[in-house]
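Residue-level structural notes
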Amino acid sequence: MTMDRKLWTTLALVLIGTFSILGFFGREVYRQAPPLPERVVTETGRLLMTRDDILHGQQVWQSVGGQQIGSIWGHGAYQAPDWSADWLHREATGLLEIWSEGEHGTPYADLPPERQAVLRARLQTEMRANRYDPETRTLTVSEARAEAIARTARHYAGVFGADPTLGSLREAYAMQEVTVAEASSRDTLTHFFFWTAWACTTERPDSATTYSNNWPHEELVGNVPSSANILWSLISIVILLLGIGAIVAYHFSREEGAEAEPSTPHRDPLGSIVLTPSMRATGKYCAIVILLFGVQVLLGGLTAHYTVEGQSLFGFPIGEYLPYSVTRTWHLQTALFWIATAFLAAGLFLAPAIGGREPRFQRAGVNLLFGALLVVVVGSLAGEWFAVQQLIALDWSFWLGHQGYEYVELGRVWQIGLFCALILWLVLMLRGLWPALIRHSEHRQISLLFAGSAAAIGLFYGAGFFYDARTHLTIMEYWRWWVVHLWVEGFMEVFATAAIAILFSRLGLVQTRNASRAVLLSTSIFLVGGIPGTFHHLYFSGTPVSIMAIGACFSALEVVPLVLVGVEALKTLRLQERASWVERYRWPIRFFVGVSFWNLVGAGVFGFLINPPVALYYMQGLNTTPVHAHTALFGVYGLLALGLVLVVLRRLQPEGAWREGPLAFAFWGMNGGLALMVCLSLLPIGLLQTQVSIEHGLWFARSADFLQQPFIQNLRWLRLVGDTVFLGGVASLAWFVLGLRTGWSFLPEEQPLDATAEEGLIRLHGAGM
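In this text, all values refer to a predicted model and were calculated from it rather than measured experimentally.

**Some remarks on the overall build of the protein**
Tallying secondary structure elements over the protein gives 27 helices and six strands in all. Judged by the C-alpha coordinates and their principal axes, the protein covers about 115 × 65 × 45 Å. Here the protein, with 769 residues, has 60% of them falling under the buried criterion. Taking the intrachain contacts of the protein between residues at least 6 apart in sequence as the baseline, contacts between residues at least 24 apart amount to 77%. Carbon and sulfur atoms form 65% of the exposed surface of the protein, whose accessible area is close to 29800 Å². Across the protein, the 51 positively charged side chains and the 59 negatively charged ones have centroids separated by 10 Å.

As structure tokens, then:
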């Protein structure tokens, strides 16, 4: 069997094996999800809530922004509390007060330590006991606990309503004065919050751990890391070290037998590509990428500012028109839109170049796709605003407004529209690539990889259709991470790797066979950990211990290939020294080098910081998560997308030399701003939150009492430094791209001498001057 066949067989086995793991244990997610009781009653039979009430509350939560306004089970925004952890603490302390006042006639804080200890032991027994009857599907609680539930519910009804005594708390949470207008909807919202907290503190049948694997940390109810949590954390670290050793050994063995790189062509090979009508039509995609990028970073700055001024911008009450939950939704959605659009543009540009011909009506298809994307972008953003402002009926909110789930917020109608657009893109890609796919040449393998990754991007977004507005939260999280982890973090990376390999091989900077093998191998290595590693997002989402074990072990392997990206970055940087014409691609290459750096730091270091179960146990839902999110999403996918856009722009206007000053400022401004944002603000806050999460519990790390301290607020203000530098880089990039249209981004061409001037120079030369 040849080396190429072995690599293809390895990739096929990896895909079959890893998706089998994901599917088999996905069955366990369904089977062992926390039960949704049909009825919640007291010991005397008094009805407190029904299953329909809980699911109605879930819909209310979705409609106001869901994971964009606080978080549930650690997933969501970082400004308001984690509602499940906060409810759990308030209900537990409320129950202690009820017992203390009813039995001792005094507040709990005034009791002697020995009586407090007795009540705390009783509290753990009361709240960890599983009193759900699977036969009748009924959950029974004591009358005292029912009173604690009612007290906690009144607090939340006030927070989401217009209770004037809680105005300062709403400001600290960056919430609107009236988030949920109808009292009945506020009631069902509290029922949903209760159920999410109940799953966090109730032990599974025949187990000493809760449905959420003892998350969140709350010693009042006995929620501490389980033995399985610690065990699989240690095993994941051992697997990481073994994997690093293996990949380094393989790298050096490969270096010894590496083939010599090809001699670099004297002229730019891409210069011979004839621009087709469909390739020229991708120019507007590049423009919309830069426009959406600018909008996205401005929304990010406004969202960050809300953390220090509630719903105001330097005193102006902009939150009345653009609430925090809207700006954060739009910030995430526009990020995915512009990055995905950049990848689509690169694919549409490269497909005819790789295939060698322009299919009929390809330009019309490219223009149709662009129009469809605009409809999805504008329609989804508008729908999300109307939903958060409670201007869409609840049953329609999920379809036209806000799904409530991070990274897949757009309403289901717009989600279907985006899926159809991706399928159209896939058809256009395959039409352009088809000649290269059927032609036996050295480029066929890498073309197949490129087409396969494009198919995965087009099809895997459909995983978001396997849940609806009333789907169990645990099951929804399983499918949501198929989209977020597999679609965004998985196959988009494979597609981008193949695209860069095609570019470099076409430029003659690397051998085509070496590029194909490198992409095949790196894809196999990445997907071995990446596909089952999806489960590391689900440690505490109502899943069994087996999910934690699989997620911890395989996600550790995701970091392994990243240890070599520094070496690959140096190789990439040296490519620009291979020939003088490579200078034309210097800045796209530098963007690709930036991708390698942030892949190691953002995805590798900061990713593994929160990856082991015991680390995530204390850190989930804290500012350590946006550290990883910003450095990985923008540092890797954002820079990659911008690098691809610059390549397309370079080929769309191949004549003339670029003014590199604005590009240099953009590159260093964005990378430097990102580093400052993380080091001056997000990371210090996240580490301080981790410390108090370990000492006091997650509820306190996310509370207004902690986050509104002057020192924390000063750290939040310091983010302004990094944000300003970053925004300067974005403005410089936008200025440069606009200048490609107007001409100011090109250096002036040397003008040829006319005949008279040339004759004069000849005479001067003859005179010896």
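**Considerations on the packing of aromatic side chains**
The final tally for this structure, using the stated rule, is 44 aromatic pairs. Ring centres of Phe460 and Trp482 lie 6.2 Å apart, and the angle between their planes is 20°; on these two criteria the pair is classed as stacked. Taken together, the residues Phe460 in helix α15 (residues 444–460) and Trp482 in helix α16 (residues 473–506) connect sequence positions 22 residues apart. Exposure remark for Trp482: the relative accessible area of 13% places this residue in the buried category. Relative to Tyr617, the ring of Phe540 lies with its centre 5.9 Å away and its plane at 75°, an arrangement referred to as edge-to-face.

**Some details on empty space enclosed by the protein**
Enumeration according to the criterion identifies 10 cavities of 30 Å³ or more in this entry. Computed from the structure, the second largest cavity encloses a volume of approximately 650 Å³. If you go around the second largest cavity, you meet 35 residues; those closest to its centre are Gly300, His331, Pro626, His630 and Arg719. Secondary-structure elements contributing two or more residues to the lining of the second largest cavity are α10 (283–309), α11 (324–355), α22 (624–652), α23 (661–695) and α26 (710–742). A total of eight residues in the lining of the second largest cavity trace back to one element, the largest contributor, which is α10.

**A closer look at the layout of surface pockets**
By volume, the second largest pocket amounts to about 430 Å³. In this structure, the second largest pocket is lined by 14 residues; those nearest its centre are Gly283, Ala287, Leu649, Val737 and Arg741. Per-element tally for the lining of the second largest pocket: the top contributor is α10, with six residues. When the residues that make up the lining of the second largest pocket are grouped by side-chain class, the tally is 10 nonpolar, two polar and two charged.

**Describing the side chain of His155**
One can find His155 in helix α5 (residues 143–160). For His155, a relative accessible area of 17% corresponds to the buried category. Discounting chain neighbours no more than four positions away, the residues touching His155 are Arg90, Leu166 and Leu169.

**Quick look at the sheet that holds strand β5 (residues 132–133)**
Ordered in space as β2-β1-β6-β5, the four strands form an open sheet in which the pairing is mixed. In the strand order of this sheet, the two ends are held by β2 (47–50) and β5, each with one partner. Direction of pairing for strand β1 (residues 39–42) relative to strand β6 (residues 138–141): parallel, over a ladder of four bridges. Across the sheet, the residue bridging to Arg39 is Thr138, located in β6.

**Thoughts on the nonpolar core**
Ranked by size, the top nonpolar core spans 226 residues in total, and within it Phe160, Phe193, Phe293, Trp338, Phe343, Phe450 and Met670 carry the most contacts. Per-element accounting of this core gives the leading share, 23 residues, to α16.

**A closer look at a nonpolar patch on the surface**
On the surface, a nonpolar cluster with roughly 640 Å² of combined accessible area is contributed by Leu313, Phe314, Phe316, Tyr321, Trp717 and Leu720. Structurally, the position occupied by Tyr321 is in the loop between α10 and α11.

**A short note on the packing of α11 against α22**
Where α11 contacts α22, the axes come no closer than 9 Å and their chain directions differ by 35°. Considering only the axes of α11 and α22, their crossing is left-handed. Tallied by class, the residues present in the contact of α11 with α22 amount to 17 nonpolar, three polar and one charged.

**A word on the packing of α10 against helix α12 (residues 362–388)**
Two elements in contact, α10 and α12, have axes separated by 11 Å at closest approach and are oriented at 20°. Looking at the two axes, α10 sits roughly parallel to α12. When you trace α10 past α12, the crossing you get is left-handed. Between α10 and α12, the residues in contact are Lys284, Tyr285, Ile288 and Leu292 and Val366, Asn367, Leu369, Phe370, Leu373, Leu374 and Val377, respectively. Counted by class, the contact of α10 with α12 contains nine nonpolar, one polar and one charged residues.

**Some words on the pairing of β2**
Pairing of β1 with β2 involves three bridges; the strand directions are antiparallel. In the strand pairing of β2, Arg39 is matched with Thr50. As consecutive antiparallel partners, β1 and β2 are separated by four residues, and within that stretch Gly45 has a phi angle of approximately 95°, a positive value.

Rules of the game
Residues numbered from 1 in each chain as written. Predicted model: local features only at pLDDT ≥ 70, side-chain atom pairs only at ≥ 80, totals over all residues. Heavy atoms only, no water. Helix = DSSP H or I, 4+ residues; strand = E, 2+ residues; numbered from the N terminus. Buried < 20%, exposed > 50% of the residue type's maximum accessible area, 1.4 Å probe, protein only. Contact = heavy atoms within 4.5 Å. Areas by Shrake-Rupley, 256 points an atom, 1.4 Å probe, with all protein chains shown as cover. Lys, Arg positive; Asp, Glu negative; His and termini not counted. Charge placed at Lys NZ, Arg CZ, Asp CG, Glu CD. Phe/Tyr/Trp six-rings, centres within 6.5 Å; stacked < 30°, edge-to-face > 60°. 1 Å grid on protein atoms, 1.4 Å probe; cavity = no way out; pocket = protein on both sides within 12 Å on 5 of 7 lines; lining within 4 Å. Points joined across faces, edges and corners; volume = space filled by probe spheres on them. Nonpolar A, V, L, I, M, F, W, Y, C, P; charged D, E, K, R; others polar. Pairing = 2+ DSSP bridges. Core = buried A, V, L, I, M, F, W, Y, C linked by side-chain atoms within 4.5 Å. Patch = residues over 30% accessible without salt bridge, like charges linked within 9 Å, V, L, I, M, F, W, Y side chains within 5 Å. Salt bridge = Lys/Arg side-chain N within 4 Å of Asp/Glu carboxyl O. Axes fitted to C-alpha atoms, helices over the stretch in contact; angles between N-to-C directions. Left-handed = near helix turned anticlockwise from the far one by under 90°. Parallel < 35°, antiparallel > 145°, perpendicular 65-115°, else oblique.

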